[in-house]
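A look at the structure
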Amino acid sequence: MAGTNSTNSTNASSRKRRHATPSRIGQVRRQAIPKPRVVVALLLLVGLVSVLLLDGYLRSEVGGDQRVRSDASSSEVPDSVSDGGPFLTFANGRPRTQSVADKTIVLTFDDGPDPEYTDQVLKILDDNDVPGTFFLIGSMISRYPGVVKKMVADGNEVGVHTFTHVDLSYQSAARVKREIAQTQLALAGAAGITTTLFRAPYSSTNDAIDNESWPVYQRLGAMGYTSVFIDTDSEDWQLPGVDKIIKWATPKSGKGAAVLFHDAGGNRDETLVALPKYIKQMKAKGYTFTTVSGAQQQQQQQDQQGGNGFGGPQGNQGGPQSAQGGNLLQAAHHKATGTTLWEGRALIAAVAVAEWSVPGLAAGLAVVGVAVMGRFGLMLILARRHYRQRNRRRFAWGPPVYEPVSVIVPAYNEKECIANTLNSLAASTHPIEIVLVDDGSTDGTAEIAESLGLPNVRVIRQENAGKSAALNNGVRQARYDIVVMMDGDTVFEPDTVRLLVQPFGDPGIGAVAGNAKVGNRDTMIGAWQHIEYVMGFNLDRRMYDLLRCMPTIPGAIGAFRREAVLEVGGMSEDTLAEDTDITIALHRAGWRVVYAEHARAWTEAPASLGQLWRQRYRWSYGTMQALWKHRRSVLDRGPSGRFGRVGMPLVVLFQVVTPVFAPLIDVFTVYAMIFVDFKASLLAWLAVLLVQLLCAAYAFRLDREKYRYLLMLPLQQVAYRQLMYLVLIHSSVTALTGGRLRWQKLKRTGQVGTPQAGTEAL
């Protein structure tokens, strides 16, 4: 008959219980994921995605359109426009063109700003005391606002060249308007101005206007923009050589011209050599230099004196005026105010964040990738070595261990599982006593245990105080020098205890981690956890065992020298991961912790996503607590400091830092698949999956598991792994914000029954 040791509980003490009572289970479920911290975690994820999308948009990876129209009809374009001057405006809906006066050159530059070439172009212009008109791409403005600010301050004029350098003839009216508006915002944020000048990407002379682009110019003209074309093209983008650049840029017969150069968009070394020579040659021929606005003002003066520079009907040509009384060479500029100015500054700030963070994230991704692959390699090498070493025919820890041991089973409301747990222990091939510590259960757990009538079972009742207190109570009540700790929902094989305690033949070993198996693995969630247990936990333990820095003895199956547990003060209540906490404490006390791969325990894993989230949230947060508690272990010396020197960095890197940043791999992969190169990105992802599959297959081979569960690995990588990332991020946010998390009881079903020796799956 089972012996009992009961302690009465009072109503007052029940109000102080640390576990949720059945009437409060619904509240616990609702509070399992604190909403503010979930919001913070989701905001971090949304912020990351937003930064990537913004950076991709700036680089034309998101929303980019490389189409360029050619050979379209121009039958609907008025001849007065096709044959007119390079400045196109609309007054009262009527198109007007304006030419550059004779012996006058308007230097125009496209595709900037560029941090390398534009600055050098500006210096050349300043050295030669000539202005330029720069048609800027909005995305480049937002990335290099300082260059634009200097450009405007030096007296140069700027115009819009769209935000992403797309052929507007292919775009909707809304896209056209957005391209212009975003560029204006970038100008407002960079230099505090907006502009009425516009040049379309891929445009050239007036006679290149076709029926598809003509409506675009009409809409922009109605919005008050002057569309700027060219008279001569240096074609410097072709890198034809300095002499040809100068030749092609030179107007014929002393006529005036709007001349096209490029200060960005490729190699502009030849442009930098040709430009000062060109300016000097043109000045020697009697040419003067001005901006688009300056040329318009000059032509207006000639018109007032009786000349006519219009290629279209005479009348008000609609050229820009300096309404603010500023520099006439910058008459197209207008001071940005109000929401335009602040939205522009916000855009520049957001782009600055993206410009700094994306390269940083990419570098972090590279570090994470190297760390992950290095971890895989290290695990495979050490796991193989561990297997071969521990499975040698003559391997022994020392003298065989035959002495009886105490098995401590803490239990709180385990009525579904406790019978299976105790019955499995009763079949043990090693002599044991079973100490069931009932932690204030309200579901009759203790009564069920007593009703089984099993020999060598003691039921100890205590007021609800938590798992750590229950384990400590069991250690104090234990009669033998070796104690085995397990969970109340776990079942052992008959040989489990015998195999688990054999390492204690070595007097330097203070604790042994067993091989925890998922018993309810026939569901999708169970199969995912089964893969994780075999690959992520047990393969890790082989590595940590050889490195002598085991970070965690699983709560489901672990054995300890009783004196070692008492020496470090027992199971601490300082953290939610009491198993990790005591393992590290044992290392620091100089004890060795090893892994017994053949000592198997079958545990009931969470059966729903909600329960899984709560369990892993507690594990993750508790691990962080334990690492922080033992942070000074890195300063420990001698054998006791091995965990601090080796284990602590490995655990922090592989269980905290790497998983936190691991979502970058998936986010970047999805981004690349959608916006960059789907095929190459997919192949890269499949290559990583193949490496993981090989590692998992090897882990399954070592544990003699059935390979069929690996069919779930691809889906696990897509769905389950993301959930674990969110859990870890959630835990990190909780830790950083100083949040507290109490113990949470998971719902059990009792599906894991008593196994037979050598059982592979239940």
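Now for a description of the structure that goes with this document. Keep in mind the model is a prediction, meaning the values are calculated, not measured.

Using the criterion set out here, one finds 24 salt bridges in the structure. Here Glu433 makes a salt bridge to Arg458, at a shortest N to O gap of 3.0 Å. Note that Glu433 is positioned in strand S15 (residues 432-439) and Arg458 in strand S16 (residues 457-462), a separation of 25 residues in sequence. We classify Glu433 as buried; its relative accessible area is 4%. Note on Arg458: relative accessible area 15%, which makes it buried. Between Glu532 and Arg616 there is a salt bridge, and its shortest N-O distance comes to 2.6 Å. Here the residue Glu532 occupies a position in helix H18 (residues 524-547), and Arg616 occupies one in helix H21 (residues 609-629), the gap between them amounting to 84 residues. As far as burial versus exposure is concerned, Glu532 and Arg616 are alike and both buried. Three or more residues joined by partner-sharing salt bridges are found here, namely Lys517, Arg521, Arg542, Glu597, Asp703 and Glu705.

In this structure, Ile408, Met485, Tyr544, Phe560 and Leu586 are the most contacted members of the largest nonpolar core, which totals 61 residues. The contacts of Ile408, once residues within four sequence positions are left out, are Val435, Val437, Leu471, Gly474, Val475, Val483, Val484, Met485 and Met486. Grouped together as the second largest cluster of nonpolar side chains are 40 residues, Phe109, Ile141, Phe163 and Val259 included.

Once that is clear, we can look at a nonpolar patch on the surface. Taken together, the side chains of Val652, Leu653, Val657 and Phe661 define a hydrophobic patch exposed on the protein surface, amounting to about 270 Å² of accessible area. Structurally, Phe661 can be placed in helix H22 (residues 642-661). What makes Phe661 partly exposed here is its relative accessible area of 39%.

Attention now goes to the environment of Thr162. Along the chain, the position of Thr162 falls in the loop between strand S6 (157-160) and helix H8 (173-191). Accessibility expressed as a relative area gives 0% for Thr162, which makes it buried. On a C-alpha basis, the gap between Thr162 and Ile137 in space is 5.5 Å, while along the polypeptide they are 25 residues apart. For Thr162, the residues in contact, after removing those within four places along its chain, are Leu136, Ile137, Gly138, Leu168, Glu179, Thr183, Phe198 and Pro201.

The residue after Gly112, namely Pro113, is reached through a cis peptide bond having omega 0 degrees. Summarising the element assignment, Pro113 is placed in the loop between strand S4 (104-112) and helix H5 (117-127). A positive phi is found at Thr162, a non-glycine position, where the angle reads about 70 degrees. With phi around 55 degrees, His165 is a residue other than glycine that occupies positive phi space. Here His165 is to be found in the loop between S6 and H8. For His165, a relative accessible area of 18% puts it in the buried group.

Definitions and limits used
- Residues numbered from 1 in each chain as written.
- Predicted model: local features only at pLDDT ≥ 70, side-chain atom pairs only at ≥ 80, totals over all residues.
- Heavy atoms only, no water.
- Salt bridge = Lys/Arg side-chain N within 4 Å of Asp/Glu carboxyl O.
- Helix = DSSP H or I, 4+ residues; strand = E, 2+ residues; numbered from the N terminus.
- Buried < 20%, exposed > 50% of the residue type's maximum accessible area, 1.4 Å probe, protein only.
- Core = buried A, V, L, I, M, F, W, Y, C linked by side-chain atoms within 4.5 Å.
- Contact = heavy atoms within 4.5 Å.
- Patch = residues over 30% accessible without salt bridge, like charges linked within 9 Å, V, L, I, M, F, W, Y side chains within 5 Å.
- Areas by Shrake-Rupley, 256 points an atom, 1.4 Å probe, with all protein chains shown as cover.

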